Amino acid sequence: MLDAETGLAEVWIEQGAASSADAEFRKAMALIERQRSQLIREEYKLSYLASLIETYQKYVDFLVTQGKAAEALEAAESSRARVLDERLHTGGRARPAVRAAAREQLAQSSHSVLLSYWLGPRRSFLWAVSPGGVELHELPSEKKIAPLVEAYRSFIEMLRDPL
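Attention in this report is confined to the structure presented alongside it. (Residues numbered from 1 in each chain as written. Predicted model: local features only at pLDDT ≥ 70, side-chain atom pairs only at ≥ 80, totals over all residues. Heavy atoms only, no water.)

## Quick notes on the packing of helix H1 (residues 2-14) against helix H2 (residues 18-35)
Look at H1 against H2: their axes get within 8 Å of each other, and the N-to-C directions meet at 170°. Considering their axes alone, H1 and H2 lie roughly antiparallel with respect to each other. In this structure, H1 uses Leu2, Glu5, Thr6, Leu8, Ala9, Trp12 and Ile13 to contact H2, whose residues at the interface are Ser20, Ala21, Glu24, Phe25, Lys27, Ala28, Leu31, Ile32 and Gln35. For the contact of H1 with H2, a count of residues per class yields ten nonpolar, three polar and three charged. (Axes fitted to C-alpha atoms, helices over the stretch in contact; angles between N-to-C directions. Helix = DSSP H or I, 4+ residues; strand = E, 2+ residues; numbered from the N terminus. Parallel < 35°, antiparallel > 145°, perpendicular 65-115°, else oblique. Contact = heavy atoms within 4.5 Å. Nonpolar A, V, L, I, M, F, W, Y, C, P; charged D, E, K, R; others polar.)

## Side note on the sheet that holds strand S1 (residues 114-118)
The three strands lie next to each other as S1-S2-S3, forming an open sheet whose pairing is antiparallel. A single partner strand is all that each edge strand has here, and the edge strands are S1 and strand S3 (133-139). Strand-to-strand, the axes of this sheet are offset by a mean angle of 20°, without reference to chain direction. Of the strand pairs in this sheet, strand S2 (residues 124-130) and S3 are connected by seven bridges, and their pairing is antiparallel. Its bridge partner being in S3, Leu126 is matched across the sheet by His137. (Pairing = 2+ DSSP bridges.)

## A short note on the side chain of Asp61
One can find Asp61 in helix H3 (residues 42-65). Residue contacts for Asp61: discarding those within four places in its chain leaves Arg122, Arg123 and Phe125.

## Focus: the pattern of salt bridges
Within this structure, the stated rule accounts for 13 salt bridges. In this structure, Lys58 and Glu54 form a salt bridge, with 3.1 Å as the shortest nitrogen-oxygen distance. Of this pair, Lys58 and Glu54 both sit in helix H3, four residues apart, roughly one helical turn. According to the relative accessible area criterion, Glu54 is partly exposed, its value standing at 41%. A salt bridge links Glu157 to Arg153; the shortest N-O distance between them is 2.4 Å. With Glu157 and Arg153 both in helix H6 (residues 142-157) and four residues apart, the pair spans about one turn of that helix. Since its relative accessible area comes to 36%, Arg153 is described here as partly exposed. A cluster of three or more residues bridged by salt bridges with shared partners is formed by Asp61, Arg122, Arg123 and Glu138. (Salt bridge = Lys/Arg side-chain N within 4 Å of Asp/Glu carboxyl O. Buried < 20%, exposed > 50% of the residue type's maximum accessible area, 1.4 Å probe, protein only.)

Shown next, in the form of structure tokens:
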């Protein structure tokens, strides 16, 4: 069902019907919430998590394309929260919604800029959240970024100067 909802959203995108696509993605998100607690066998959970991640990747990409940076950030952070919840086996307890406005308030109270990254197969994103709002930056695909991150991590772990 999750793949069907996501597929229908993609059809709406191709047809130029953004509001219908958004409605289908929201149905998919609701389905995720309903399904997650019903999975018992571990092999079902693994394929479910793979579908979940793919669905969120498509939804985040769609929201960015629609110029909805704050909503895309909220979807990305919600995705991370759900995947982490599944991996920690917490039983899907209700958790507060991820809101960009709350991130802006945290940035203001801490006098900081919060960075959130999202790696995707076609393109990736960086959100910079400051007291003034959410700023979105498009980055290359995960395939291009991952080797750079791994190389940097290796330098740090070897206690060498990364520059």
